[in-house]
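Listed below, chain by chain, are the residues.
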Amino acid sequence: MPLHTTKFDVQDYLATPERQVAYIEAALEENDPAFLAKALGDVARARGMTQVARDAGVTREALYRALSEKGDPRLSTLMGVLKSLGLKLRIAA
């Protein structure tokens with residue numbers, strides 16, 4: 001009997017703001033800018049990419065590109081996305 005699998009979709013696990021924050025915090029701990037950008041993109045899609053892009057002051061297409069696995073968003077874009085998501089970046093020693 002063959003094994004049947006389904007494709008993993010992180011969107012299934014990002015239904016609440018608490019889960020979204022936990023996901024972004026975990027991405028930050030990885031110290032991988034590409035992974036962080038992708039995690040922010042995943043959360044933006046969970047919240048509604050069109051509205052996040054509008055609030056961040058960029059086009060939806062530009063935001064998809066910037067927050068993709070191969071994207072390299074500008075700091076101003078990241079800050080706009082964080083603000084749109086109601087999040088703040090904090091630094092701790």
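Each value, and the rule that gives it
- Residues numbered from 1 in each chain as written.
- Predicted model: local features only at pLDDT ≥ 70, side-chain atom pairs only at ≥ 80, totals over all residues.
- Heavy atoms only, no water.
- Helix = DSSP H or I, 4+ residues; strand = E, 2+ residues; numbered from the N terminus.
- Contact = heavy atoms within 4.5 Å.
- Axes fitted to C-alpha atoms, helices over the stretch in contact; angles between N-to-C directions.
- Parallel < 35°, antiparallel > 145°, perpendicular 65-115°, else oblique.
- Left-handed = near helix turned anticlockwise from the far one by under 90°.
- Nonpolar A, V, L, I, M, F, W, Y, C, P; charged D, E, K, R; others polar.
- Buried < 20%, exposed > 50% of the residue type's maximum accessible area, 1.4 Å probe, protein only.

Undergrad: Outline the side chain of threonine 77, supporting the account with residue identities and numerical values.
TA: Examined against the element boundaries, threonine 77 turns out to sit in helix H5 (residues 75-84). The contacts of threonine 77, once residues within four sequence positions are left out, are Val58, Leu63 and Ala66.

Undergrad: Describe in detail the environment of arginine 90, supporting the description with residues and values.
TA: In this structure, arginine 90 sits in the segment after H5. Sequence separation between arginine 90 and alanine 53 is 37 residues; the distance between their C-alpha atoms is 22 Å.

Undergrad: Pulling in residues and values, what's your account of the packing of helix H3 (residues 49-56) against H5?
TA: The interhelical angle for the contact between H3 and H5, taken along N-to-C directions, is 120 degrees, at an axis separation of 8 Å. Relative to H5, the element H3 lies oblique. In this structure, H3 crosses over H5, and the sense of that crossing is right-handed. Here H3 contributes Gln51, Val52, Asp55 and Ala56 to the contact with H5, which in turn contributes Gly80, Val81 and Ser84. Broken down by class, the residue content of the contact of H3 with H5 amounts to three nonpolar, three polar and one charged.

Undergrad: For unusual backbone geometry, give the residues involved together with the corresponding values.
TA: Despite not being glycine, asparagine 31 has its phi angle at roughly 60 degrees, a positive value. With respect to the element layout, asparagine 31 can be found in the loop between helix H1 (17-29) and helix H2 (33-47). Take asparagine 31: its relative accessible area is 71%, and that puts it in the exposed class.

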